[in-house]
Amino acid sequence: ADIAAKGQPDIFTYLLMANRPDKLRLRGIRRNGTGVEIAEHKTRGEMPREPANIGLALAIRNGLAAISVPVDDEIVFIDLEAGKTIGSIPLAAPRGLCFNAAGQLFAISGATVVRLDLGLKAGAPFVRQSQPIVASHLEARYALALDAKGAIYVTDQGKSHQVKVFSPSGAPVRAIGRPGGLQL
């Protein structure tokens, strides 16, 4: 759901769908359970057929959707009210995305978690500042989340198969789960 003032109050949640190798669809689910098409985005590259390998992520704040598109090495931005792509920023191997309360976008870029301070110029997003936050202690970063205090949670699908927790400044705090690979 959209956590800021400009959000659409009748939308309960958003879904990102990749049902074609070159097209992403963003849908909204209303509180009454009906769906609505928000926007489509055509990728330049072709996405793998296996969903777990695509690496797509979606973060929404204040009427703006950010979508990681690893096949194009970029983050695409969609204006939810207008239902259209308003721009993109380059980012190598993007994966997990999450906005903090201040509107900064956290993203996994290859081997690093970065914090992006975004701005809008002529209606298109740009990066005012990019700062690496977590650059070590992870093997195979996949997704991330933030808690209310700004702690960063990163799924590490490497040999540990744990969720690693970092302070807002990127210092390791703890790991959730036992290390040792996939455990069922």
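The residue count restarts for each chain, going from 1 along the sequence in the order it is written. Residues qualify for local features only when their pLDDT is at least 70, as the model is predicted, and side-chain atom pairs are given and counted only at 80 or more; totals for whole chains, interfaces and linings, by contrast, use all residues. Note: side-chain values were computed over all heavy atoms of the structure, leaving out hydrogens and water.

A.B. asks: For the pattern of salt bridges, give the residues involved together with the corresponding values.
C.D. replies: What counts as a salt bridge is simple: a side-chain nitrogen of Lys or Arg found within 4 Å of a carboxyl oxygen of Asp or Glu. By the definition in use, this model includes nine salt bridges. Residues Arg20 and Asp22 are paired through a salt bridge, measuring 3.6 Å at the closest nitrogen-oxygen approach. Throughout this description, buried means an accessible area under 20% of the type-specific maximum (1.4 Å probe, protein chains only), exposed means over 50%, and partly exposed covers the range between. By relative accessible area, which is 42% here, Arg20 ends up partly exposed. A network of salt bridges, in which partner residues are shared, links Arg20, Asp22 and Lys42.

A.B. asks: Break down the sheet that holds strand 5 (residues 64-69) for me, citing the residues and quoting the values.
C.D. replies: DSSP-based pairing: two strands are paired if at least 2 bridges between them are found. Only runs of H or I of at least four residues qualify as helices and only runs of E of at least two qualify as strands under DSSP, and these elements are numbered from the N terminus. Spatially, four strands are ordered 4-5-6-7 in an open sheet, and the strand pairing comes out antiparallel. Of all strands in the sheet, those bounded by a partner on one side alone are strand 4 (57-61) and strand 7 (84-90). Each adjacent strand pair in this sheet contributes to an overall mean axis angle of 20 degrees, direction not counted. Where strand 5 and strand 6 (residues 74-79) come together, six bridges link them in antiparallel fashion. The residue of strand 6 that forms the bridge with Leu64 is Asp79. Note on definitions: angles span 0 to 180 degrees between N-to-C directions of axes, and those axes are lines fitted to C-alpha atoms, for helices only across the stretch in contact.

A.B. asks: Explain the side chain of Asp22 to me, using residue names and the numbers behind them.
C.D. replies: Tracing the chain through its elements places Asp22 in the loop between strand 1 (11-20) and strand 2 (23-30). At a separation of 2.6 Å, a polar atom in the side chain of Asp22 contacts the side chain of Lys42. Whether two residues touch is decided by their heavy atoms; if any such pair falls within 4.5 Å, the residues are in contact. Aside from chain neighbours lying at most four places away, what touches Asp22 is His41, Lys42, Thr43, Gly45 and Met47. Between N or O atoms, a polar contact is any pair within 3.5 Å; within protein, one atom must be a potential hydrogen donor and the other a potential acceptor, and residues adjacent in sequence are included only when both atoms are from side chains.

A.B. asks: Account for the sheet that holds strand 11 (residues 124-134), naming residues and giving values.
C.D. replies: The four strands are arranged 8-9-10-11 in an open sheet whose pairing can be described as antiparallel. Strand pairing shows two members of the sheet lacking a second neighbour, strand 8 (94-99) and strand 11, which therefore form its edges. Taking the axes of each pair of neighbouring strands and ignoring which way they run, one obtains an average angle of 30 degrees across the sheet. As judged from the five bridges shared by strand 9 (residues 105-109) and strand 10 (residues 112-121), these two strands associate in the antiparallel manner. The residue bridging Ser109 from the neighbouring strand is Thr112, located in strand 10.

A.B. asks: Residues and numbers for unusual backbone geometry, please.
C.D. replies: Unusually for a residue other than glycine, Asn62 sits at a positive phi of about 55 degrees. Positionally, Asn62 belongs in the loop between strand 4 and strand 5. The class for Asn62 is partly exposed, based on a relative accessible area of 32%. For Ala93, which is not a glycine, the phi torsion comes out positive at approximately 45 degrees. The exposure class of Ala93 is partly exposed, given its relative accessible area of 36%.

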